[in-house]
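Understanding the architecture of this molecule
Listed below are the residues making up each chain.
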Amino acid sequence: MKHNRNPLAKAINYALGAGMIASLAMTAAPVSAQDDDEEEAADLDRVQVTGSRIKRTDMEGALPVTVIDREQIEASGESNAADLIRNLPFNSSGSYRPQSGSSFGGAALVSLRGLGASRTLVLVNGRRMPKAPLTGSSNDLSMIPMGAIERIEILRDGASAIYGSDAIGGVINVILRNDFEGAEIMVGRAQVDIPSDGGDRGEGYVTFGTASDTTSIIGGASWNSRDIIFARDFPWTTQGASFYANNFTTIGESGFDNFNWTELPNGACEGAGDSFYTVQTPSAITGTQCAFDFTSVSADEASIDNESAYLRADHRFTDNWSVYTDIMIAKTKSFGRYAPVPDSSYFASPVTASSPNNPTNPDSPLYDPSLGLDPQPVNVWHRFSSLGNRDNNIDSELYDLTAGMTGYVGQAELDFGARWTRNKVFDIGRNYLVRSTAYDYIETGLYDLSDPNGNPDDVLNAMKAVISRISFFDQKQMYANASFDMFETGAGPIAWSFGADYFEEDYSDQYDSLSEAGQIGGSAGNSAAGGRDVTAFYFETLIPILDNFEAQIAGRYDDYSDFGDNFSPQVSLRYEIADGYVVRGSYGEGFRAPTLPVLTQQTSFSATSVDDEASCLAQGQPADCNLQINEFIQANPDLGPEESEQFSLGFAFAPFDWLNGTIDYYDIKIDNRIRSFGAQDLINFEQAGDPIPPGLSITRAPSGAIVRIESGFGNEGFVETSGFDLNLTSGYDALGGRFNHNLTLSYVDEISTDGGRNLVQDPGTPEMRGVLQNQYAWGDFNFVYNLNYIGDQCDEIDDGECIGHVPSWVTHDLQANYFTPWNGKITVGAQNVGNKRPPIGLGFTDGRDYDFNLYNGYGRVTYVRYTQSF
């Protein structure tokens, strides 16, 4: 391959890809042989854009699509696809990213419009990315090979009429490289500044391609890694103060703990280990408590290591027909470390008054007469540090194979084929607690609470468990599509597309037997498994009404084997009022099918504490007592789909050769939203006279006392959101080189649930996010400056009022590239060159030091890359 050493050409391509669809011309599909060269050239200019199956020549269609091309991807400085996509301004409230201490582990999600990851559809090469087994409802962006990406298209509108379920918040379509000859290799390293240790990154890819008159092959491998980061290595981390350490509480008459926390006597805190310490607290009976500093050992961010390989082959065996195959294999390894197991006899059975480990027992070595307590059952709150840190290794494997054929029958272009995907995860956890054994040993004294680290190895090993979670989400698919022109109007032919999809989903999330039985301390979760098949038929037509006015109508019917069917229509209009000025709008209806984890989860039992006046009075207790009831968390067979209505209106403009842009308004309403209902939620519904969601129930005895509650997911209420997106792109020659600028802003005007107050600027919900990208190309050099903006928010909400302030977060990135005479490229750069910290202790911290979904704590990230083309 002859390497393009001219940065000017790259800069021009960068500008074209930012807001307009012109850069998509490179993706034209094979066409039939034409005798007329002009017709062939015109056909080659027709491209398929995300949100439509009809190829077209217009730069701006009726739907709002943002394109991020390869040059922009490289200029971002990101080393993996997950961070690149998560940092889109349209991921307005942030989303889950790899972390330690979560059942999702090293997964990375995206949530367009802040509507949730399960309402964002992610495609790879126009086809659904397989669901992540650990969530069962969303896609793991960590599995996307960064080095294989040609461009990313973001449809900022609903698209259930085209793609079916989940496309409510929008669609992200990752297009892998498909037009490349030669070979290219890139290697890179990066280092973060703010953690004093850890977090370093590596990246690289190898790409090769070859083509003849009839056959083309492109393939390669991509890898990236990030080291683990421990909480203790951040300068803002404060000492953890968990009272799951070496404490006990007495038990009141109601059977619940009085929560007068008391350190186990005889120095049991100081002797437990370095991470234990004594604190003074006025509420404790003795005036002291034992605390455990979990931040001294736990990881804040999991390590992650992604390796992937991909291959695309295309062979034209006649003038009109080709066969193709796409193969992708991705493997991700993640390691997380959590502090030793915290647990309490509160979740098992109290330590009896006669136990050697009961500090109120006069015969116990822990007895302290100064406490003034009569012998009585107590609950212990203990950190099982002698078992070691909880270490979790998660291995994810994705296999994706597509084979198909495309060609022409007359004027109709056909595309049909089959696809098979397997996404499997192995999650192995070490040093977890066998709860039943542990509390038997505590009761009998085999395990000594006063000297945790002095317990014999055979005792500790008998209390210790290796837990497992093996999950998979498999899919088989067959598809067929036909596109053609039929009927002529005065403004041109009417284009049509018809197609059908059939796919089968097979899902399993299997926990080990001790976890299923609730016998594991330090972990939670239960198994789920099931399958379903979906049959879909869809159509789309593009009708030119006038030379400058067209309508696009689409519809899709989906039939699910497990809950029912749905029809999603969409109507879009495009009016070119003058050269370079386009008005567009669309209305569509969408849906989200209930996910397999929700529909198939195994029933689990919980002795849940609730407030229920009737039960309290029936048991002879005060009406405002708090008591435990039997809660059964189960799958809901009556769960139905969410349904949405979406409206968009936009304006695309190009007043000058050096300036173009778009502004679009969106409005989304989701009815029958799927949400989780706990025991107290159902009690509150019943007391208020509101209906309990179908499939869930409360059973009471004749006395009025609750016998059991069946809780879980149900349909209830609605969500509304609206806002604006702005994109401006500029390119011009100056100072002996070429300047290109791209500004993307996403503004959230409103988001509310059930007609309530506007939640915009609540903690974790900024009003605006934006990115300003700038490039200057001069000779063999190329320079990049990016500005990243996340808007301000309230620190907290009290009775609907904004209390405190989270300031806006602005960071700056720099990059320099040198194109060598030997077809190489040297890149050096830094993200967040000002080393700015995230807002610490402000906003939606959710138990962390900062909003982990919205910001990062890396500070300055300095990187270097070398790319060689052959």
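1. Some points on the overall build of the protein chain
In terms of helices and strands, the protein chain carries 11 helices and 43 strands. Whereas a compact globule of 870 residues would reach a radius of gyration of roughly 29 Å, the protein chain reaches 30 Å, a difference of no more than 12%. Considering only C-alpha atoms, the protein chain reaches an extent of 100 × 65 × 50 Å along its principal axes. Residue pairs in contact within the protein chain that sit at least 24 positions apart in sequence constitute 70% of those at least 6 positions apart. Of the roughly 33,900 Å² of accessible surface on the protein chain, 54% is carried by carbon and sulfur atoms. In the protein chain, 56 side chains carry a positive charge and 118 a negative one; their mean positions are 6 Å apart.

2. Here we look at the nonpolar core
In this structure, I85, I149, I152 and I172 are the most contacted members of the largest nonpolar core, which totals 29 residues. Only α4 (81-86), β2 (120-124), β4 (149-155), β5 (170-176) and β16 (321-338) provide two or more residues apiece to this core. The leading source of residues in this core is α4, at 4 residues. Here I85 is in contact with V110, L141, I144, I152, I172 and V174, once residues within four sequence places are set aside.

3. Focus on the pattern of salt bridges
Inspection of every chain in the model, using the stated rule, returns 38 salt bridges. Note that D725 is salt-bridged to R156, the shortest N-O span being 3.1 Å. You can see D725 sitting in strand β35 (residues 718-734) and its partner R156 sitting in the loop between β4 and α5 (160-163), a full 569 residues away along the chain. By relative accessible area, which is 6% here, R156 ends up buried.

4. Observations regarding a negative patch on the surface
A surface patch of negative charge is lined by E796, D798, D799 and E801. Inspection of the secondary structure puts D799 in the loop between β39 (796-798) and β40 (801-803). Residue D799 is classed as exposed on the basis of its relative accessible area of 75%.

5. Concerning the sheet that holds β5
The 5 strands are arranged β1-β4-β5-β2-β3 in an open sheet whose pairing can be described as mixed. Each edge of the open sheet is held by one strand with a lone partner, namely β1 (65-69) and β3 (127-128). Where β1 and β4 come together, 5 bridges link them in antiparallel fashion. The residue bridging D69 from the neighbouring strand is R151, located in β4.

6. Observations concerning the sheet that holds strand β18 (residues 378-383)
Spatially, β11-β10-β18-β17 is the arrangement adopted by the 4 strands of the open sheet, whose pairing is antiparallel. Edge strands, defined here as strands with exactly one partner in the open sheet, are β11 (262-263) and β17 (342-344). Here 2 bridges tie strand β10 (residues 246-250) to β11, and the two strands are oriented antiparallel to one another. Paired with F248 across the bridge in β11 is T262.

7. What to know about the environment of Q475
For Q475, the location among the structural elements is in strand β21 (residues 464-489). The exposure class assigned to Q475 is buried, which follows from its relative accessible area of 10%. In this structure, the C-alpha to C-alpha distance between Q475 and N727, residues 252 residues apart in sequence, is 37 Å.

8. What to know about the state of the cysteines
Tallied over the full model, the rule gives 2 disulfides. Disulfide pairing places C794 opposite C802 at an S-S distance of 2.1 Å. Judged by the torsion about the S-S bond (-120°), the C794/C802 disulfide is left-handed.

Thresholds applied
- Sequence order as written defines residue numbering, which begins from 1 separately in each chain.
- Side-chain atom pairs in this predicted model are given and counted only at pLDDT of 80 or more, local residue features only at pLDDT of at least 70, and totals for whole chains, interfaces and linings cover all residues.
- Neither water nor hydrogens contribute to the side-chain values; these are computed over all heavy atoms in the structure.
- Helix and strand definitions follow DSSP, with helices as H or I runs of at least four residues and strands as E runs of at least two, each counted in order from the N terminus.
- As a reference, a globule follows 2.2 Å times the number of residues to the power 0.38, and the radius of gyration itself is taken over C-alpha atoms.
- Contacts were defined at the residue level, with two residues in contact if any of their heavy atoms lie within 4.5 Å.
- Surface exposure here means Shrake-Rupley accessible area, sampled with a 1.4 Å probe, where a residue is shielded only by the protein chains that are shown.
- In this tally, Asp and Glu contribute negative charge and Lys and Arg positive charge; neither His nor the terminal groups of the chain are included.
- Each charge is placed at NZ for Lys, CZ for Arg, CG for Asp and CD for Glu.
- Note on terminology: a nonpolar core comprises buried Ala, Val, Leu, Ile, Met, Phe, Trp, Tyr and Cys residues joined through side-chain atoms within 4.5 Å.
- Three exposure classes are used, based on accessible area relative to the maximum for each residue type with a 1.4 Å probe and protein chains only: buried under 20%, partly exposed in between, and exposed over 50%.
- Here a salt bridge means any side-chain nitrogen of Lys or Arg lying within 4 Å of a carboxyl oxygen belonging to Asp or Glu.
- Only residues whose relative accessible area exceeds 30% and that take part in no salt bridge are eligible for patches, with like-charged residues grouped when within 9 Å of each other and nonpolar side chains (Val, Leu, Ile, Met, Phe, Trp, Tyr) grouped when within 5 Å.
- A pair of strands is labelled paired if DSSP reports no fewer than 2 bridges between them.
- Two cysteine sulfurs form what is called a disulfide whenever their separation falls within 2.5 Å.

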